[in-house]
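A closer look at the structure
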Amino acid sequence: MSDYIVRAAAADLQIRAFAITSRELVEEARSIHNTSPEATAALGRLLSAGSMMGAMMKGEQDLLTLQIKGDGPIGGITVTADSKARVKGYVNEPAVLIHANAKGKLDVAGAIGNGMLRVIKDLGLKEPYVGQTELQTGEIAEDLTYYFATSEQVPSSVGLGVLLNRNNTVRLMPFTDDHIIDALEKKLSEVSSVTALLDQGMTPEEILSYLLGDFGLEITDTLPAAYYCNCTRERVEQAIVSIGSQDIRKMIQENKPIEVKCQFCDRAYTFD
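In short, a report on the structure. (Residues numbered from 1 in each chain as written. Predicted model: local features only at pLDDT ≥ 70, side-chain atom pairs only at ≥ 80, totals over all residues. Heavy atoms only, no water.)

**Observations concerning empty space enclosed by the protein**
The line we're drawing: Two kinds of site are reported from a 1 Å grid over the protein atoms alone, namely cavities, where a 1.4 Å probe fits but cannot get out, and pockets, open sets with protein on both sides within 12 Å along at least five of seven lines, and residues are called lining when an atom falls within 4 Å of a point. Grid points are joined across faces, edges and corners, and a volume is the space filled by probe spheres set on the points. Residue polarity is assigned by list, with Asp, Glu, Lys and Arg as charged and Ala, Val, Leu, Ile, Met, Phe, Trp, Tyr, Cys and Pro as nonpolar; anything else, Gly included, falls into the polar class.
For the coordinates displayed, the defined rule picks out one cavity of 30 Å³ or more. In this structure, the largest cavity encloses a volume near 30 Å³. Along its surface, the largest cavity is lined by Ala49, Met52, Met53, Phe148, Val158 and Thr169. Looking at the lining of the largest cavity, its residues break down into five nonpolar, one polar and no charged.

**Overview of the layout of surface pockets**
To find leftover empty space, one rolls a probe the size of a water molecule over the atoms. This is how it is decided: Secondary structure elements are defined from DSSP: runs of H or I of at least 4 residues count as helices, runs of E of at least 2 residues count as strands, and each element is numbered from the N terminus.
Estimated volume of the largest pocket: approximately 720 Å³. Forming the walls of the largest pocket are 24 residues, and the residues nearest its centre are Glu142, Leu160, Ser192, Ser193 and Val194. The set of elements that each furnish at least two residues to the lining of the largest pocket consists of helix H4 (141-150), strand S8 (156-160) and helix H6 (194-199). Sorting elements by how many residues they give to the lining of the largest pocket places S8 first, with four residues. Along the lines of polarity and charge, the residues of the lining of the largest pocket split into 10 nonpolar, nine polar and five charged.

**Observations concerning the pattern of salt bridges**
Applied cut-off: Definition used for salt bridges: Asp or Glu carboxyl oxygen within 4 Å of a side-chain nitrogen of Lys or Arg. Think of it in three bands: residues with accessible area under 20% of the maximum for their type are buried, residues over 50% are exposed, and the middle band is partly exposed, with areas taken using a 1.4 Å probe on protein chains only.
Taken as a whole, this structure holds eight salt bridges when the rule is applied. With a shortest N-O distance of 3.1 Å, Lys186 and Glu190 are connected by a salt bridge. In this structure Glu190 comes out as partly exposed when scored by relative accessible area, which is 44%.

**Focus: the pairing of strand S2 (residues 15-21)**
Where we set the bar: A pair of strands counts as paired when DSSP detects no fewer than two bridges linking them.
Summarising burial for S2: six of the seven residues are buried, a large majority. Of the strand pairs in this sheet, strand S1 (residues 4-10) and S2 are connected by seven bridges, and their pairing is antiparallel. The residue bridging Val6 from the neighbouring strand is Ala19, located in S2. Connecting S1 to the next strand, S2, in antiparallel fashion are four residues, including Ala11 with a positive phi near 55°.

**Things to note about the pairing of strand S4 (residues 76-82)**
With seven of seven residues buried, S4 lies mostly within the body of the structure. Alternating residues of S4 divide into Gly76, Thr78, Thr80 and Asp82 and Ile77, Val79 and Ala81, and every residue in both groups is buried. As defined by bridge partners, strand S3 (residues 63-70) adjoins S4 across seven bridges and the pair is classed as antiparallel. In the sheet register, Leu66 faces S4, and the bridge partner there is Val79. Between S3 and the antiparallel strand that follows it, S4, lie five residues; Gly75 among them carries a positive phi value of about 80°. When S4 meets strand S5 (residues 86-91), the two strands line up antiparallel, connected through five bridges. Following the sheet pairing, Thr80 is matched in S5 by Lys88.

**A look at the packing of aromatic side chains**
Let me state the cut-off plainly: Each Phe, Tyr or Trp ring, with Trp reduced to its six-membered ring, pairs with another whose centre is within 6.5 Å; inter-plane angles below 30 degrees give stacked pairs, above 60 give edge-to-face pairs, and intermediate values give tilted ones. Think of it as a cone above the ring: NZ of Lys or CZ of Arg counts as a charge over the ring if it is within 6 Å of the ring centre and within 35 degrees of the ring normal.
The final tally for this structure, using the stated rule, is two aromatic pairs. Ring plane angle 70° and centroid distance 5.2 Å describe the contact between Tyr90 and Phe264, whose orientation is recorded as edge-to-face. Taken together, the positions of Tyr90 in strand S5 and Phe264 in the loop between strand S12 (258-261) and strand S13 (268-271) put the pair 174 residues apart, joining distant regions of the chain. With respect to class, Tyr90 is no different from Phe264; both count as buried. Between Tyr147 and Phe148, the aromatic rings sit 5.6 Å apart at their centres with planes inclined by 55°, giving tilted as the arrangement. Positioned over the ring face of Tyr228 is Arg86, at 4.2 Å from the centre of the ring. In this structure, Arg233 packs its charged tip against the face of Phe271, placed 4.1 Å from the ring centre.

In short, the description is geometric, and any link to function would need to be established separately.
Here is the structure:
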């Protein structure tokens, strides 16, 4: 089945939940950028989160950008998404290879290191919204959980796993009762990781049912998710125009074709 997002509510709308299966879009990103296992895990997590966060936006033209900049060997990750859950992204150093962590798993935190997470939302206003927090662990899920709590004042729990690349996030509404919060925290504490649930062959719907079934879970809808790059020759032309007439004249004098590659999809555009 193609990638998709499940949106749900529970506890009389006090809890909003999202789950995504993103195997195909992450595999497409891996294929485009030829990423190492560590880079694939890091980019896959942020792509999955970006797709779900894009689906949270209301406007047809709304755009979301997630940027991680760390002092680890991966350098940084950039992901953009629209409100249709279409997403694209890249890592600065796609060939990073490092030893497994103490648990014998891919060391995403070690690849990213210490740094910052930026969330940019272009909602069609004069200025985009920009939220920025320090990375807490470099594991991405925990960093987004911290971002939601501090920058958006929304208590959340974000889980991101690379096994089959299914992921989930749970958000509490501002009016959530304390006993609901306590019960949910207890339930979430019983889950060691998203990948542990995936090892059992759970679908996104089954994961949400496992986490929120005791809270009156209601699946509200599903929507497709995909890796999608909207670059065009016209957009690249505008980028070339923006470098200025002096540099363009120099290119003309050299009389050599100019090749410009899109960072997101690696598509090459040639201009003579």
